[in-house]
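So you can see what is in the structure, the chains are spelled out below.
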Amino acid sequence: MVEIKAQPFPFPLRKQEIALVVIDMQRDFAEPGGFGASLGNDVGRIARIVPDVKRLIQGFREAGLKVIHTMECHRPDLSDLPVAKRNRGQPSLRIGDEGPMGRILIAGEPGTAILSELAPIDGEVVIEKPGKGAFYATVLGDVLKERGITQLVFAGVTTEVCVQTTMREANDRGYECLLCEQATESYFPEFKEAAIAMIRAQGAIVGWTADIDDILETISHA
Ligand code: C5J
């Protein structure tokens, strides 16, 4: 059996059944003027992981493996935006408001787009999701089933919000989940560290975590 070196123990790779899920690498979370910045966050932290996320995506593509992208966004008429989500917190701009990159977190707006360096290529699935978890109110579960995917490697942002929520949703649905430590980030370094510790605690209760080079090395030779 081929294994990826991981924590808390090696991840048993089934190459025909694995896909990379890149969560919400959108301008709204990584660039000034977007949703993340409107909440007072240092978006530079997110921009810094772009080269590693790109390397991971490239490695999956070169190994002939599937890459799935997600985007947190809402319909222009806000019909899929719960009032409680729109009203939460005290941001300088709320979801749906006009910002410097268009309407915040609205499908089709420039700021909602995936960062150009990480843009999906033809044939890659893009899941638009109204929630933090990528399974809620989307076709992700059907897409994975149709393609025979049972193992998911995760990258993207933010570690403790959309990445961790989606990993927990996937884990409850029976997927084996592996988080790439260098290809995920939080606005809060201590939250990233805590999320990684929580995920792999108690014998990988939510999933495994691994170094990018160990993942890339193993999938390229499997
Ligand atoms: C947040 C996300 N943090 N993609 N979204 O609101 O993690």
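Criteria and thresholds
- Residues numbered from 1 in each chain as written.
- Predicted model: local features only at pLDDT ≥ 70, side-chain atom pairs only at ≥ 80, totals over all residues.
- Heavy atoms only, no water.
- Phe/Tyr/Trp six-rings, centres within 6.5 Å; stacked < 30°, edge-to-face > 60°.
- Near = heavy atom within 4 Å.
- Polar contact = N/O pair within 3.5 Å; in protein donor to acceptor, adjacent residues only side chain to side chain.
- Areas by Shrake-Rupley, 256 points an atom, 1.4 Å probe, with all protein chains shown as cover.
- Nonpolar A, V, L, I, M, F, W, Y, C, P; charged D, E, K, R; others polar.
- Salt bridge = Lys/Arg side-chain N within 4 Å of Asp/Glu carboxyl O.
- Buried < 20%, exposed > 50% of the residue type's maximum accessible area, 1.4 Å probe, protein only.
- Core = buried A, V, L, I, M, F, W, Y, C linked by side-chain atoms within 4.5 Å.
- Helix = DSSP H or I, 4+ residues; strand = E, 2+ residues; numbered from the N terminus.
- Contact = heavy atoms within 4.5 Å.

**Q** So, the packing of aromatic side chains: which residues are in play, and what are the values?
**A** This model, assessed by the stated rule, comprises five aromatic pairs. Their ring planes at 85° and their centres at 6.1 Å tell us that F29 and F35 sit as a pair that is edge-to-face. Taken together, a centroid distance of 4.8 Å and an interplanar angle of 45° make the contact between F188 and F191 tilted. An aromatic cluster is present here, built from F9, F11 and W208 joined pairwise through their rings.

**Q** Explain the site of the ligand residue by residue, including any values.
**A** Taken together, D24, F29, F35, E72, K132, V157, T158, V161 and C162 make up the full set of residues adjacent to the ligand. Contact distances for the ligand include 2.8 Å between an oxygen atom and a side-chain N or O atom of K132. Measuring from a nitrogen atom of the ligand, one finds a backbone N or O atom of V157 at 3.1 Å. For the ligand, whose free accessible area comes to 230 Å², the fraction covered by protein is 92%. Its residues assigned to classes, the shell around the ligand comprises five nonpolar, one polar and three charged.

**Q** Explain the pattern of salt bridges to me, using residue names and the numbers behind them.
**A** By the definition in use, this model includes 14 salt bridges. K192 serves as the salt-bridge partner of E185, at 3.8 Å between the closest nitrogen and oxygen. Among the residues examined, E185 registers a relative accessible area of 9% and is labelled buried. Its relative accessible area of 15% is what places K192 among the buried residues. When salt bridges that share partners are traced, they join R14, E17 and E176 into one network.

**Q** Explain the nonpolar core residue by residue, including any values.
**A** The biggest cluster of nonpolar side chains holds 46 residues, and the ones touching the most others in it are L20, M25, L56, F60, L178 and I215. Among the elements of the structure, β3 (18–23), α1 (27–30), α4 (50–62), β4 (66–72), β8 (151–157), β9 (176–185), β10 (208–210) and α9 (212–221) are those that each provide at least two residues to this core. The element that contributes the greatest number of residues to this core is α4, accounting for five residues. Apart from the residues lying within four places of it in its own chain, the contact partners of M25 are I46, I49, V50, V53, T70, A113, I114, L115, L118, G156 and V157.

**Q** Describe the environment of E160, with residues and values.
**A** Assignment of secondary structure puts E160 in helix α7 (residues 159–172). Taking the C-alpha atoms as reference points, E160 and D52, 108 residues apart in sequence, are found 18 Å from one another. Excluding anything up to four places from it in sequence, E160 contacts S186, F188, F191 and A195. Side-chain polar atoms of E160 contact the side chain of S186, separated by 2.9 Å.

**Q** I'd like a description of unusual backbone geometry, backed by residues and values.
**A** Look at the link from Q7 to P8: it is a cis peptide, with omega at 5°. Its place among the elements puts P8 in the loop between β1 (3–4) and β2 (11–12). Cis rather than trans, the peptide bond between V157 and T158 has omega equal to -20°. When you line up the elements, T158 lands in the loop between β8 and α7. Despite not being glycine, L105 shows a phi value in the positive range, around 55°. Within the element layout of this structure, L105 appears in the loop between β6 (102–103) and β7 (125–129). The exposure class of L105 is buried, given its relative accessible area of 0%. The phi torsion at A137 lies on the positive side, around 60°, for a residue other than glycine. Summarising the element assignment, A137 is placed in the loop between β7 and α6 (140–146).

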